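A structural walkthrough
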Amino acid sequence: MAYIHFEHINKYFGTNHVLKDITLDIEQGELVTFLGPSGCGKSTLLRCLSGLEEVTSGKIFLDGKDVTEVSPRKRGCGMVFQQYSLFPNMTVAQNVAFGLKMQKMPKAQIETKVREMLDVVGLSEKYDQYPRSLSGGQQQRVALARALVVEPKVLLLDEPLSAIDALLRKNLQIEIRRIQRDLGITTLFVTHDQDEAMVMSDKIHLFNMGTIEQSASPVDMYTKPASKYAASFIGHYNILQADAFNKAAGTEYSSGCLAFRPEIIGISRTEPEEEAIVIKGTVRNQIPHGNIVRYTIDANGVELDADILFEASSIFEIGEQVYVSIKDGNILELE
Ligand code: ADP
Ligand code: MG
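To keep things clear, this report deals only with the structure shown in the data block. (Residues numbered from 1 in each chain as written. Chains lettered and ligands numbered in written order. Predicted model: local features only at pLDDT ≥ 70, side-chain atom pairs only at ≥ 80, totals over all residues. Heavy atoms only, no water.)

1. Observations concerning helix H1 (residues 42-50)
- Counting buried positions along H1 yields seven of nine residues, so the element is predominantly enclosed.
- Taken together, the buried positions of H1 are occupied by Lys42, Thr44, Leu45, Leu46, Cys48, Leu49 and Ser50.
- Positive backbone phi, approximately 95°, marks glycine 51, located one or two places after H1. (Buried < 20%, exposed > 50% of the residue type's maximum accessible area, 1.4 Å probe, protein only. Helix = DSSP H or I, 4+ residues; strand = E, 2+ residues; numbered from the N terminus.)

Structure (structure tokens):
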């Protein structure tokens, strides 16, 4: 059996069916992301594992043991939430020591462990400070240290970086991943941000209204979304009705819907000679995004987004007539 095993989990809040027969395995040492829009049940499933929420039906196994009826304290889950939940009247060290004190660990041993853990999260010099003197990112690292110091069986992170500004957030994503790998701790990470899920995960479980739409590695999720829903959530796919695309491109796709990523589209001023689907179009919009420019192109009646690497010499202007080329093998046919 997998390290964590959810078996036919259903959860109702009143008549609201929030988790719909979810069966899911998570292997030891993995960092797994629950990804999906707000309200689709990610936090609820996490809270069911921690014991903060009871399942309506189904079973949860953790490390070979049925924990469905076990109290939260005895399940051994460490949690970090979006909102900073440190004790404001305790120092950083006292915050981290809290769980160990509750376990009645000898004082000297607590001190050693707290110092070790503050070292892991890179906050040794903040030992005696109070939470209010720390930045949001530092507070979340203390919260992480506090959750990890008791050596939980599994670490549960519920949108821990959502309140942190973009640049720091990127650093913390990498930092958390490093700590998770170093400690080899099984981690469930909740986010609504596809980029964050890509950066962090061994595996992504994409939620859709209380069900799991697709489970895959980041690369597979990105390159092989299994449904229109997955394609629309990941990687800014162009999603078109096959009929409309066929009309514009002179192709003969028969499935209901086609999806392809903006970076597989080429744009040129002269007709390309490569083997590809070529459509004449007009540049409608042009937005620089860091190292790429995203063009919106009216291609013979269908609107396509194309991401082109930023090279000042090849900027296409709004209104320009261009050729759009799409390599046939890159088009996914979805139902
Ligand atoms: P997510 O974390 O994906 O944003 P949640 O798991 O928090 O979603 O919520 C899923 C659904 O369950 C939502 O419709 C939400 O309103 C509902 N819900 C969550 N917690 C409670 C609760 N304690 N009482 C009633 N409804 C809840
Ligand atoms: Mg949530």
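2. Considering the sheet that holds strand E14 (residues 277-289)
- Spatially, five strands are ordered E13-E17-E14-E15-E16 in an open sheet, and the strand pairing comes out antiparallel. Whereas interior strands pair on both sides, the edge strands pair on one side only; in this sheet they are strand E13 (265-268) and strand E16 (302-309). Strand-to-strand twist across the sheet, computed as the mean angle between neighbouring axes with direction ignored, equals 45°.
- The pairing of E14 with strand E17 (residues 321-326) spans six bridges and is classified as antiparallel. Bridge assignment links isoleucine 279 to a residue of E17, and that residue is valine 324.
- Set on the sheet, helix H10 (residues 242-249) makes contact with E14, strand E15 (292-299), E16 and E17; between it and E14 the angle comes to about 110°. (Pairing = 2+ DSSP bridges. Axes fitted to C-alpha atoms, helices over the stretch in contact; angles between N-to-C directions. Contact = heavy atoms within 4.5 Å.)

3. Things to note about the side chain of glutamate 159
- Locating glutamate 159 in the fold gives a position in the loop between strand E7 (154-158) and helix H6 (166-183).
- Buried and unpaired, glutamate 159 has no salt bridge, with lysine 42 as the nearest side chain of opposite charge at 4.3 Å.
- In this structure the side chain of glutamate 159 is engaged in a polar contact, spanning 2.8 Å, whose partner is the side chain of histidine 192. (Lys, Arg positive; Asp, Glu negative; His and termini not counted. Salt bridge = Lys/Arg side-chain N within 4 Å of Asp/Glu carboxyl O. Polar contact = N/O pair within 3.5 Å; in protein donor to acceptor, adjacent residues only side chain to side chain.)

4. Quick look at the side chain of serine 201
- One can find serine 201 in the loop between helix H7 (194-200) and strand E9 (203-208).
- Relative accessible area serves as the criterion here: at 8%, serine 201 is assigned to the buried category.
- A distance of 2.4 Å separates the side chain of serine 201 from the side chain of threonine 33, its partner in a polar contact.
- In terms of polar contacts, serine 201 uses its side chain to reach the backbone carbonyl oxygen of alanine 197, at 2.5 Å.
- Setting aside residues up to four positions removed in sequence, serine 201 forms contacts with Leu31, Thr33, Arg177 and Pro218.

5. Some details on the site of ligand 1
- Every residue close to ligand 1 is listed here: Phe13, Asn16, Val18, Pro37, Ser38, Gly39, Cys40, Gly41, Lys42, Ser43 and Thr44.
- Here an oxygen atom of ligand 1 and a backbone polar atom of cysteine 40 are 3.2 Å apart.
- Lysine 42 has a polar side-chain atom sitting 2.8 Å from an oxygen atom of ligand 1.
- For ligand 1, whose accessible area on its own is 560 Å², the fraction buried by protein is 58%.
- Those elements giving two or more residues to the shell around ligand 1 turn out to be strand E2 (16-26) and H1.
- Class assignment for the residues of the shell around ligand 1 results in four nonpolar, six polar and one charged. (Near = heavy atom within 4 Å. Areas by Shrake-Rupley, 256 points an atom, 1.4 Å probe, with all protein chains shown as cover. Nonpolar A, V, L, I, M, F, W, Y, C, P; charged D, E, K, R; others polar.)

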